[in-house]
Amino acid sequence: MNKILLKSALAIFMLVLVVSAFACNKKEEAAGTTEPAASQSTASESILIPEKPAAEKTAPAIAPAPAQTLPADAAVSVDGVALKKDALEKKVQAQMKLYQDKIPADRKKEVRAGLKKQLTEDFVMRTLLANEVKRKKIAATEKEIQAAMEQIKANIPPDKNLNEFLKENNVSRDDIALGVRIQKLVSMETGGKIKPTEKEISKFYTDNKNKFTTEESVHVRHILVAMDAKDDEKVKAEKKAKIEGLRKQIMGGADFAEVAKNHSDCPSKENGGDLGEIKKGQTVKPFENAAFSQEINAVGPVVSTEFGHHVIQVLGRTPAHTVELSEVKEQIALYLGQQKEAEAFSKMMERLKKNAVIQYNKL
């Protein structure tokens, strides 16, 4: 791969917390907490906590509040903070409604069960994190909250208004503030020791060298006279004569870009017919064969494809090669740093679960 296009894991996690479509409604949720709940993670980030009889639970390092009998109307309780079954069901129904057209009828029962489990575990994780940032008195400044909102804005569709987007996903300013506080919590867990060493970067590059290769590519421009399935033989002949005439103009000295701009049926005409760099497999076979076999700057013979007739010119060629370490060093360092952050977060969640009283009712 040319680049490792990964954002900061911490930033992504914060965005997941505050932008997830599963954002929780605090009024519907639990009784007994004043701490705002953040939106939950994606399925791949959930912390799945298997239900165990109380006798089998591992003794926590820091004793939490003693467990009490879980009310029948609660789905789960985390240190006395409960998620009611009716609130959970509302969330499940909302998600099922949102994706109802995308779920096959024979899988709806399976999807519903999965969502119910997912949302339950998300509540557990959010509650543990909210309790921990409160215990450690971690605060979020106005500047940090605004920066987080700008980050969210940068990651939503450009035609979306930020306030409308947050409202649609039931995300409040308090949710965003909690996301910032959780970011700080994870940073505390790493102790600032996430920067990979030169040796680690070099080893990753060596072990994954096959991922740092680029395929052969060619820089091409073309002129297209489009064909239509309704064209009769006369129209077909006229179009073939037109493309041959355009090629003849170019061979006679006419500017390729100007001819493309004035006569091509491809949207690329606005750029003088320039398609940029293409790799094998990105275009139909006759076009690809011509593009990868023509000499640089040569104006090839007319090529016919399912789209019509083309005149192709190759402007440059980049052979397949391995990207040097110096070109991807920063991306590798970012990726390895993200891994360390993820490991720190995982260990932190294990500790928080161990130190908490988590009770489940059968869903």
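Coordinates for the structure precede this section.
Keep in mind it's a predicted model, so treat the numbers as computed, not measured. (Residues numbered from 1 in each chain as written. Predicted model: local features only at pLDDT ≥ 70, side-chain atom pairs only at ≥ 80, totals over all residues. Heavy atoms only, no water.)

Participant: Honestly, the sheet that holds strand β5 (residues 274-279) in this entry has me stumped. Any pointers?
Facilitator: The strands making up a sheet are joined through hydrogen bonds of the backbone, oriented either antiparallel or parallel. If you trace the four strands from one edge of the open sheet to the other, you get β5-β4-β7-β6, paired in antiparallel fashion. Sheet topology places β5 and β6 (303-305) at the edges, where each strand pairs with a single neighbour. Here the average twist between neighbouring strands, direction ignored, is 45°. Of the strand pairs in this sheet, β6 and strand β7 (residues 308-318) are connected by three bridges, and their pairing is antiparallel. Note that in β7 the partner of Val-303 across the bridge is His-310. (Pairing = 2+ DSSP bridges. Helix = DSSP H or I, 4+ residues; strand = E, 2+ residues; numbered from the N terminus. Axes fitted to C-alpha atoms, helices over the stretch in contact; angles between N-to-C directions.)

Participant: When you look at the sheet that holds strand β2 (residues 81-84) in this model, what are you seeing that I'm missing?
Facilitator: A sheet is described by the order of its strands in space; here three strands give the open sequence β2-β1-β9, paired in antiparallel fashion. The open sheet is flanked by β2 and β9 (358-360), the only strands paired with a single partner. With strand direction ignored, the average angle separating the axes of adjacent strands in the sheet is 15°. With four bridges joining them, strand β1 (residues 74-78) and β2 adopt antiparallel strand pairing. The residue of β2 that forms the bridge with Val-78 is Val-81. Lying on the sheet, helix α2 (residues 85-98) is in contact with β1 and β2; it crosses β2 at an angle near 55°. (Contact = heavy atoms within 4.5 Å.)

Participant: How do you make sense of the environment of Ile-145 when you look at a structure like this?
Facilitator: Take Ile-145: it is sitting in helix α4 (residues 142-154). Between the alpha carbons of Ile-145 and Arg-173 there is a distance of 8.0 Å; along the sequence they are 28 residues apart. In this structure Ile-145 touches Ala-140, Arg-173, Ile-176, Ala-177 and Val-180, once residues within four positions along its chain are discounted.

Participant: How should the packing of helix α3 (residues 108-135) against helix α6 (residues 173-190) be read in this particular structure?
Facilitator: Pairs of packed helices are described in terms of their axes, by the angle between the two and the distance that separates them. Taken N-terminus to C-terminus, the directions of α3 and α6 make an angle of 75°; their axes are 10 Å apart at the nearest point. Considered as vectors, α3 and α6 are oriented roughly perpendicular to each other. For the pair formed by α3 and α6, the contact residues are Leu-129, Ala-130, Glu-132, Val-133 and Lys-134 on the first element and Leu-178, Arg-181, Ile-182 and Leu-185 on the second. Tallied by class, the residues present in the contact of α3 with α6 amount to six nonpolar, no polar and three charged. (Parallel < 35°, antiparallel > 145°, perpendicular 65-115°, else oblique. Nonpolar A, V, L, I, M, F, W, Y, C, P; charged D, E, K, R; others polar.)

Participant: Would you take a moment to explain the pattern of salt bridges for this structure?
Facilitator: In total, this model carries 18 salt bridges according to the counting rule given. Among the salt bridges present, the one from Arg-135 reaches Glu-132, with a minimum N-O distance of 3.0 Å. Of the two residues, Arg-135 and Glu-132 both sit in helix α3, three residues apart, roughly one turn of that helix. Judged by its relative accessible area of 5%, Glu-132 is buried. Across the pair Arg-351 and Glu-189 runs a salt bridge, and its minimum N-O distance is 3.0 Å. Taken together, the residues Arg-351 in helix α11 (residues 325-354) and Glu-189 in helix α6 connect sequence positions 162 residues apart. For Glu-189, a relative accessible area of 25% puts it in the partly exposed group. Linked by salt bridges that have partners in common, Glu-132, Arg-135, Lys-136, Glu-189 and Arg-351 make up one network. (Salt bridge = Lys/Arg side-chain N within 4 Å of Asp/Glu carboxyl O. Buried < 20%, exposed > 50% of the residue type's maximum accessible area, 1.4 Å probe, protein only.)

Participant: Where do I start with the nonpolar core in this structure?
Facilitator: Leu-128, Leu-129, Met-348, Met-349 and Ile-358 are the most contacted members of the largest nonpolar core, which totals 31 residues. Broken down by secondary-structure element, the contributors of at least two residues to this core are β1, β2, α2, α3, α6, α11 and β9. Counting residues per element, this core draws most heavily on α3, at nine residues. If you look at the next biggest cluster of nonpolar residues, it comprises 12 residues, including Ala-148, Ile-156, Ile-176 and Ala-177. (Core = buried A, V, L, I, M, F, W, Y, C linked by side-chain atoms within 4.5 Å.)

Participant: Hey, could you run me through the packing of aromatic side chains in this one?
Facilitator: Within a pair of aromatic rings, the relevant descriptors are the distance that separates the centres and the angle that separates the planes. This model, assessed by the stated rule, comprises three aromatic pairs. On the numbers, 6.4 Å between centres and 75° between planes, the contact of Phe-204 with Phe-212 is edge-to-face. For Phe-204, a relative accessible area of 16% translates into the label buried. For Phe-212, a relative accessible area of 1% translates into the label buried. Ring geometry for Phe-204 against Tyr-335: centres 5.3 Å apart, planes inclined by 50°, an arrangement best described as tilted. Taken together, the positions of Phe-204 in helix α7 (residues 198-207) and Tyr-335 in helix α11 put the pair 131 residues apart, joining distant regions of the chain. (Phe/Tyr/Trp six-rings, centres within 6.5 Å; stacked < 30°, edge-to-face > 60°.)

Participant: Whenever I open this one, the environment of Gly-273 confuses me. Can you help?
Facilitator: Structurally, Gly-273 can be placed in the loop between α9 (256-263) and β5. Note: C-alpha distance between Gly-273 and Val-311 (38 residues apart in sequence) is 9.9 Å.

Participant: Just checking my understanding: could you explain the side chain of Thr-190 for this structure?
Facilitator: Considering the arrangement of structural elements, one finds Thr-190 in helix α6. Polar contacts involving the side chain of Thr-190 include one to the main-chain carbonyl oxygen of Ser-187, which spans 2.9 Å. Among residues more than four places away in sequence, those in contact with Thr-190 are Glu-341 and Ala-344. (Polar contact = N/O pair within 3.5 Å; in protein donor to acceptor, adjacent residues only side chain to side chain.)

Participant: It is not clear to me how the packing of α6 against α11 should be interpreted in this structure. Could you clarify?
Facilitator: At their nearest, the axes of α6 and α11 sit 9 Å apart, and the two run at 100° to each other. When the interaxial angle is binned, α6 and α11 end up roughly perpendicular. Of the residues in α11, those in contact with Leu-185, Val-186, Glu-189 and Thr-190 of α6 are Glu-341, Ala-344, Phe-345, Met-348 and Arg-351.

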